[in-house]
Amino acid sequence: MIDLSWMAWTWPTAAFFIAVATSIVSMGVWEKFSPGGNPRRCIFGIDTTRGDRLFISWLGTGFINLGWLAFVGTPLWGALALAIGWFVFVFRKV
């Protein structure tokens, strides 16, 4: 058995990792059945694919949550709302 006692596993932590894994698997399945996902020029001035947008979304989500903890504190419901908005923005506009 793998020893995971080094990390404070809480339900929110587990849900986050499950969400990341699920999104990566879902993106892989989407790419399998609908290959391509033509790159498009985003507002940042770079060409992005679906995978790039997923990475940018998760990276931004991490920074949103860290910033929220630094400047506001807990609970993180506001950060969750901002992160969902960031995901929608990235996949629509980036």
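Cut-offs used in this document
The residue numbering used here restarts from 1 in each chain and proceeds along that chain's sequence as written. Thresholds applied to this predicted model are a pLDDT of at least 70 for local features of residues and 80 or more for the giving and counting of side-chain atom pairs; totals over whole chains, interfaces and linings are not thresholded and use all residues. For side-chain calculations, the full set of non-hydrogen atoms in the structure is used, while hydrogens and water are omitted. By convention in these notes, a salt bridge is any Lys or Arg side-chain nitrogen within 4 Å of a carboxyl oxygen on Asp or Glu. Per the convention used, a helix needs a DSSP run of H or I reaching at least four residues, while a strand needs a run of E reaching at least two, with both numbered from the N terminus. Only protein chains enter the calculation, and the probe is 1.4 Å; a residue is then buried if its accessible area is under 20% of its type maximum, exposed if over 50%, and partly exposed in between. Working definition: rings of Phe, Tyr and Trp (its six-membered ring) pair if their centres are within 6.5 Å, and the pair is stacked with planes under 30 degrees apart, edge-to-face with planes over 60 apart, and tilted otherwise. For a Lys NZ or an Arg CZ to count as sitting over a ring, it must be within 6 Å of the ring centre and within 35 degrees of the ring normal. Throughout, an axis means a line fitted to C-alpha atoms (over the contacting stretch in the case of helices), and angles, computed between N-to-C directions, take values from 0 to 180 degrees. Note on terminology: angles under 35 degrees are roughly parallel, angles over 145 are roughly antiparallel, angles of 65 to 115 are roughly perpendicular, and the others are oblique. By the convention used here, residues are in contact when the closest approach between their heavy atoms is within 4.5 Å. Two helices cross in a left-handed way if the nearer one is turned anticlockwise from the farther one by less than a right angle. They cross in a right-handed way if the turn is clockwise. Only Asp, Glu, Lys and Arg are considered charged, only Ala, Val, Leu, Ile, Met, Phe, Trp, Tyr, Cys and Pro nonpolar, and every remaining residue, Gly among them, polar.

Enquirer: Give me the pattern of salt bridges: which residues, what numbers.
Expert: Applying the stated rule across the entire model yields two salt bridges. Put simply, arginine 50 and glutamate 31 hold a salt bridge, and the shortest N to O gap is 3.0 Å. One end of the pair, arginine 50, is in helix H2 (residues 50-71); the other, glutamate 31, is in helix H1 (residues 11-33), and 19 residues separate them in sequence. Here arginine 50 falls in the buried class, since its relative accessible area comes to 6%. The closest approach of N and O atoms between arginine 41 and aspartate 47, which form a salt bridge, is 3.5 Å.

Enquirer: Lay out the packing of aromatic side chains with the relevant residues and their values.
Expert: In this structure the tally under the stated criterion is five aromatic pairs. Summarising the aromatic geometry, the rings of phenylalanine 16 and tryptophan 58 are spaced 5.5 Å apart at their centres and angled 90° between planes, so their arrangement reads as edge-to-face. In this pair, phenylalanine 16 is assigned in helix H1 and tryptophan 58 in helix H2, connecting sequence segments 42 residues apart. Here phenylalanine 87 and phenylalanine 91 contribute two aromatic rings whose centre-to-centre distance is 6.4 Å and whose plane-to-plane angle is 10°, an arrangement assigned as stacked. Within this pair, phenylalanine 87 and its partner phenylalanine 91 are both found in helix H3 (residues 77-93), separated by four residues, close to a single helical turn. A residue is classified by how much of its surface remains accessible, and phenylalanine 87, at 22% relative accessible area, is partly exposed. Each residue in the set Phe16, Phe17, Trp58, Phe87 and Phe91 is aromatic and connected to the rest through ring pairs, giving one cluster. Here arginine 50 stacks its cationic end above the ring of tryptophan 30, 4.3 Å away from the centre of that ring.

Enquirer: Can you break down the packing of H1 against H2 residue by residue, with the values?
Expert: Running from N to C, H1 and H2 point in directions that differ by 170°, and their axes come no closer than 11 Å. Relative to H2, the element H1 lies roughly antiparallel. Contacts between H1 and H2 involve Phe16, Ala19, Val20, Ser23, Ile24, Met27, Trp30 and Glu31 on the former and, on the latter, Arg50, Gly51, Leu54 and Trp58.

Enquirer: Break down the packing of H2 against H3 for me, with residues and values.
Expert: The geometry of H2 relative to H3 is characterised by a closest axis approach of 9 Å and an angle of 155° between their N-to-C directions. Accordingly, the angle class assigned to the pair H2 and H3 is roughly antiparallel. The two elements H2 and H3 cross, and the hand of that crossing is right-handed. Between H2 and H3, the contacting residues are Arg50, Arg53, Leu54, Ile56, Ser57, Trp58, Gly60, Thr61, Ile64, Asn65 and Trp68 on the first element and Gly78, Ala79, Leu82, Ala83, Trp86, Phe87, Val90 and Phe91 on the second. Across the contact of H2 with H3, the residue classes tally to twelve nonpolar, five polar and two charged.

Enquirer: Pulling in residues and values, what's your account of the environment of isoleucine 2?
Expert: Its location among the elements puts isoleucine 2 in the segment before H1. Separated by 52 residues in the primary sequence, isoleucine 2 and leucine 54 have C-alpha atoms spaced 29 Å apart.

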